[in-house]
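# Fold and contact review
Residues per chain, in single letters:
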Amino acid sequence: MDTSNLTYKRIVLKLGTSLLTGNGDHLDMDIMSRLVSQVARIHAVGAEVVIVTSGAIAAGRHRLKANHELHGIPLRQVLAAIGQAHLMQVYEELFEKHHITVAQALLTKADLSDRSGYLNARNTFISLLELDIVSIVNENDVVAVDELAGARFGDNDNLSAMVANLVDADLLIILSDISGLYTADPHTNPDARLIPEVRNIDTAIENMAGTTTSKLGTGGMTTKIEAARLATNSGVSVIIADGNQPEIIQKLAQGKAIGTRFVPSSTKLESRERWMLSGLCTRGRVSIDDGATDAITHQNKSLLPAGVLEIHGEWQRGDLVDICTKELRIGNGIVNYNSSDMQRIKGSHSTQIAQTLGYDFGAEFIHRNNLTLFHNR
């Protein structure tokens, strides 16, 4: 198939609730049909597409209609269970008109929190793409209940970034009811300016995200920026745009400058490093001093116990933990010592490890080969 008119071939497309409902209380069939038709057109010229969709809870609320009192049953999970079947039926019928087969994938953080789960999901998605099947992805809200700490992605913006990471996407498109990142809230400030390109997600960009709001949905601009950070750190371009603009999906796939584009901060990463950077399976975090920060960020050195100031959480040897400065999360790594051991040897010189613990697993808390850093900080 001819892909010469496409700038991006493998695309993850995130569709928000406010877009799919037209800011209403149920799925808007006209809007969804237009979006599916656009996907079908780029699919016909060789684009590989994975859709991360919201809308199940909105669909469930509309289908349930009456106000049921649910005693001891989380309403969110009930609505998702009812709405997901309807949402998938809509996608299947719309894509069938274009002779495109779709597959459903419901994910939770737990599914991807270990290396084997991550690889199994990755292999499945890659196989579906090779078969020209469009995967429809959503978080499994029925299983990933809020009460299970860390079990949920939290929103489909972050899920879309994780899927883009998972499949080595060229582009992540996040479509909602707003045209991109603005200097202020465009709904209330007539002087707000759209930012066409972001090369570094810093504090100023994060502050702007807090001023840009969407009418509906759970994500908001802040979570879209979080998703952009994760995806760009894995070498994926990210664009936030208004899904109501005509032919928006084709234009973005062809490289047209619309919305806000976030430039990748690194080249495509090896699969293991992408898995680590996703942060899905971190068991805790450590705070490090300025000397350790300089050593790992500028000198390509390992993180030693001497540079660890504080530890938070509980973990075992071989687990993944976040690495933080006094202000920022700067990366993560696979540890050589469990949290109890680190509580005893933090701040200590490496020569003191065996004396303190009665054994040692090496001088490094995290060896540089098991350490990854976020580049756009």
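## Section: the environment of Leu35
As for its placement among the helices and strands, Leu35 is situated in helix α2 (residues 29-44). Leu35 sits 20 residues away from Leu15 along the chain, and the two C-alpha atoms are 9.2 Å apart.

## Points about the pairing of strand β5 (residues 171-176)
The buried fraction of β5 amounts to 6 of the 6 residues, a majority that puts the element mostly inside the structure. Inspection of the sheet shows β5 paired to strand β7 (residues 237-242) by 6 bridges, in the parallel sense. Bridging from a neighbouring strand, Ser176 pairs with Asp242 of β7.

## Observations regarding the sheet that holds strand β3 (residues 102-107)
The strand order across the open sheet built from 8 strands is β3-β4-β2-β1-β5-β7-β8-β6, with neighbouring strands paired in mixed fashion. Looking at the sheet topology across the chains shown, the edges are occupied by β3 and β6 (197-198). Sitting on the sheet, helix α4 (residues 75-96) is in contact with β1 (10-15), β2 (48-53), β3 and β4 (134-139), with an inclination near 155 degrees to β3.

## Section: the packing of aromatic side chains
A full pass over the atoms with the stated rule returns 3 aromatic pairs. Ring geometry for Trp315 against Phe365: centres 6.4 Å apart, planes inclined by 40 degrees, an arrangement best described as tilted. Remark: Phe365 occurs in the loop between α14 (353-357) and β13 (371-373) and Trp315 occurs in the loop between β10 (308-313) and β11 (320-324); sequence separation between them is 50 residues. Judged by centre distance (5.5 Å) and plane angle (55 degrees), the ring pair of Tyr359 and Phe361 falls under tilted. Among the aromatic residues, ring-to-ring pairing joins Tyr337, Tyr359 and Phe361 into one connected group. Positioned over the ring face of Phe361 is Arg317, at 4.0 Å from the centre of the ring.

## Side note on the confidence of the model for the protein chain
Scored by pLDDT, the protein chain comes out at a mean of 87, with 90% of its residues at no less than 70. The model gives residues 146-151 a pLDDT under 50, and that stretch makes 10 contacts with residues more than four places away or in other chains.

## A word on the nonpolar core
Counting 48 residues, the largest nonpolar core has Val12, Val137 and Leu172 as the members making the most contacts within it. Excluding anything up to four places from it in sequence, Val12 contacts Val50, Val52, Ser160, Val163, Ala164, Val167, Ala169, Leu171, Leu172 and Ile173.

## Structural notes on the environment of His43
Its location among the elements puts His43 in helix α2. Taking relative accessible area as the criterion, His43 reaches 12% and is therefore assigned buried. Through-space distance from the C-alpha of His43 to that of Val134 is 8.8 Å; in sequence the pair is 91 residues apart.

Parameters and conventions
Residues numbered from 1 in each chain as written. Predicted model: local features only at pLDDT ≥ 70, side-chain atom pairs only at ≥ 80, totals over all residues. Heavy atoms only, no water. Helix = DSSP H or I, 4+ residues; strand = E, 2+ residues; numbered from the N terminus. Buried < 20%, exposed > 50% of the residue type's maximum accessible area, 1.4 Å probe, protein only. Pairing = 2+ DSSP bridges. Contact = heavy atoms within 4.5 Å. Axes fitted to C-alpha atoms, helices over the stretch in contact; angles between N-to-C directions. Phe/Tyr/Trp six-rings, centres within 6.5 Å; stacked < 30°, edge-to-face > 60°. Lys NZ or Arg CZ within 6 Å of the ring centre and 35° of its normal. pLDDT = per-residue confidence, 0-100. Core = buried A, V, L, I, M, F, W, Y, C linked by side-chain atoms within 4.5 Å.

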